[in-house]
Amino acid sequence: MIDLPQAVEAARDPLVVVLGLFVLGVLASYLFFRRHPMGRAGVRVILLILLTVVLLHADVVPYRPLQLSGSPLRDAVHAILKIVWWLWAAWFLVGVVRALIVFQRRPREAKLLQDLLAGVIYLAALFAIVSNVLDVPIQGLLATSGVVAIILGLALQSTLGDVFSGIILNFSRPYRPGDWVNIEGGTEGRVLELNWRATSILTGRRDLAIVPNSTIAKSKIVNVSSPSGIHGTSVTVQLDAKAPPLRASEILEHAIRNSRLILAAPPPAIVIKLINAAYTEFEITFFLEDLGSSVKAQNELFDFIYRHAAAADINLALPPNDNRLHSDRTGIEKLLELVTIFNHFTSEERAAIAAKLVPRLYDEGETLVESGVVLQSLFIVGSGVLSFTREVVEGEIELLRIGPGEHFGEIGLLTGAAATARISALTATTVYELAKGNLTPILEARPQVAQALGRALARRQAAGALSASAEVDESVPQHKLTEWFMERLRRLHDVVSVK
């Protein structure tokens, strides 16, 4: 029980007044410098200096055991001030450490080292408080804490393993946030975060995998993003053995060049893995700039292989023990089956269209259409790859590529607008021309063709291969596209008739 006279006498102690002013100063710095952390830190440093001067002036040395004065209230105030001084001094040292230890190119490692040193500093301050304020022998405390540490170490063995593995991973840096990694055991994806305990990985299925650091430290890590972001992948294709291997390899090369996702350097590789009387097996290795596009690139490549092989009259291999015969349709008939606008046509109707097609051959690098030319026919790619390019301020840019079964010329044919892109052959190419006079009856008889051409125009517009004057009117409903195109054709027919 504290007597009233003792309380009054203790209240006259300057350190009691200092404690009250110190609390008020802390509250004031928080209120007035709430949005200014640098100002708040400056006030705290000033308070630390003033507290040190006051304690030394009152002969209360922080690093010496507390001397009892006989007044419980005064002794409690002295103890509180010494505890505050040690915590404040630890905070100051941690701030100095965080300011001095900065790795400009390795901020994650700097943060880890700062946290470790901060923990050591606060732990040392805790031992100093126990020894100099509470007057507890530090040797006994260390012995007791050693036993406790052993018990905690055994109980938290797995967690501590994750923490120390996290320290090793942070300093060795086998991967960084944003890298694509493949962890032994089947976990593959993009690294989102690496913390003390675990690594967060976003998988290809858009799931979040939390992998303990100790598991990663014991596993084989494949960093797909290192040393560069280029990623290689392989697919296997089996083609009918009736096609000569070199001819089949050429067709596969055309299919690869049809894809804009596949990089030209490093160059793709086509290897013949197996040949027998039934099929020839090819392994295609290609490279991508972004691993996230590997699935899209692979699916796109398979579609291009199917199209180029069908247009070249090369069949895919049949499964084992499959006695079905390959189709006896000609290459041009297979080609028209690939053309989207003729999907709903019968074999007889496609055969009639095939009879009206005029083939045109182009060598690699040859220009088919220059920018500014108005095309008056529909052109269907029979084989090879065509590239659409446009001149801009920065130079020439590629807008899109098309291959077998795809068409061009509908912009000028249906809208009367000039082409704004130059069309050139990336490989030796065969193009079939369908004149406007032969296409008009098809549009009149088949409304689906007009709708398909409308979708093709929309794709050209999205790719930037349309001029402003050739854009499809988006206010026109889909079911009225046929009338809209037929009206355009009638206008063009009247202009030609007058001339």
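What comes next is a walk through the structure. (Residues numbered from 1 in each chain as written. Predicted model: local features only at pLDDT ≥ 70, side-chain atom pairs only at ≥ 80, totals over all residues. Heavy atoms only, no water.)

**Examining the side chain of arginine 350**
Under the convention used in this document: Here a strand is any run of E in DSSP of at least two residues, a helix any run of H or I of at least four, and the numbering for each starts at the N terminus. Relative accessibility decides the category of a residue: with a 1.4 Å probe and only protein chains considered, values under 20% of the type maximum give buried, values over 50% give exposed, and everything between is partly exposed. Within this scheme the basic residues Lys and Arg register as positive and the acidic residues Asp and Glu register as negative, but His and the chain ends are omitted. Counted as salt bridges are all cases of a side-chain nitrogen of Lys or Arg within 4 Å of a carboxyl oxygen of Asp or Glu. Contact definition: two residues touch when any of their heavy atoms are within 4.5 Å.
Relative to the assigned elements, arginine 350 resides in helix 12 (residues 347-356). Buried and unpaired, arginine 350 has glutamate 337 as its nearest opposite-charge partner, separated by 4.2 Å. Setting aside residues no more than four positions away along its own chain, arginine 350 makes contact with Leu336, Glu337, Phe342, Asn343 and Phe345.

**Regarding the environment of threonine 427**
Worth spelling out the cut-off: As used in this structure description, the phrase polar contact means that two N or O atoms lie within 3.5 Å; if the pair is within protein, one of them must be able to donate a hydrogen and the other to accept it, and residues adjacent in sequence are counted only when both atoms belong to side chains.
Looking at where threonine 427 falls in the secondary structure, it is placed in the loop between strand 15 (422-425) and strand 16 (429-435). Considering only alpha carbons, one finds threonine 427 and glutamate 366, 61 residues apart in sequence, at a separation of 8.9 Å. With residues near it in sequence (within four places) discarded, threonine 427 still touches His254, Arg257, Tyr362, Asp363, Glu364, Gly384 and Val385. In terms of polar contacts, threonine 427 uses its side chain to reach the backbone amide nitrogen of valine 385, at 3.1 Å.

**Looking at the sheet that holds strand 2 (residues 187-194)**
Through backbone hydrogen bonds, the strands of a sheet pair up, either in parallel or in antiparallel fashion. As a reminder, the rule being used: What makes two strands pair is DSSP finding at least two bridges between them. For helices, the axis comes from a line fit to the C-alpha atoms of the stretch in contact; other axes are also lines fit to C-alpha atoms, and the angle between any two N-to-C directions lies between 0 and 180 degrees.
Read across the open sheet, the five strands follow the order 4-3-2-1-5; overall the sheet is antiparallel. Each edge of the sheet is formed by a strand with only one pairing partner; in this case those strands are strand 4 (208-212) and strand 5 (221-223). On average, adjacent strands in this sheet sit at an angle of 40° to one another, irrespective of strand direction. Bridge count between strand 1 (residues 180-183) and strand 5: three bridges; the pairing is antiparallel. Residue isoleucine 183 lies in a different strand from strand 5, and its bridge partner there is isoleucine 221.

**Observations regarding the nonpolar core**
Within soluble globular proteins, side chains that are nonpolar tend to cluster in buried spots. Heads up, the rule is: The definition of a nonpolar core used throughout is a set of buried Ala, Val, Leu, Ile, Met, Phe, Trp, Tyr and Cys residues joined through side-chain atoms within 4.5 Å.
Formed by 26 residues in total, the largest nonpolar core has its most connected members in Leu336, Ile341, Phe342, Ile353 and Leu434. By size, the runner-up hydrophobic cluster in this structure holds 20 residues, among which are Leu239, Ala248, Leu252 and Ala255.

**So, the pairing of strand 8 (residues 279-288)**
Burial of strand 8 is extensive: seven of the ten residues sit out of reach of the surface. In the sheet, strand 7 (residues 269-275) pairs with strand 8 via six bridges, with the strands oriented antiparallel. Looking at strand 8, one finds that leucine 274 is bridged to glutamate 281.

**A short note on the pairing of strand 13 (residues 395-402)**
With seven bridges joining them, strand 12 (residues 386-392) and strand 13 adopt antiparallel strand pairing. When the sheet's bridge partners are listed, valine 392 is paired in strand 13 with glycine 395. Taken together, strand 12 and the strand that follows it, strand 13, pair antiparallel across an intervening segment of two residues.

**As for the packing of aromatic side chains**
For clarity, the threshold we go by: Under the pairing criterion, centres of Phe, Tyr and Trp rings, with the six-membered ring standing for Trp, must be within 6.5 Å; the plane angle then separates stacked pairs below 30 degrees from edge-to-face pairs above 60, leaving the rest tilted.
Going through the model one piece at a time under the given rule, you end up with three aromatic pairs. A centroid spacing of 6.3 Å and a plane angle of 85° characterise the contact between phenylalanine 388 and phenylalanine 408, whose relative ring orientation is edge-to-face. Here the residue phenylalanine 388 occupies a position in strand 12, and phenylalanine 408 occupies one in strand 14 (residues 407-408), the gap between them amounting to 20 residues. Judged by relative accessible area, which is 5%, phenylalanine 388 ranks as buried. Three or more aromatic residues link up through ring pairs in this structure, and these residues are Phe379, Phe388 and Phe408.

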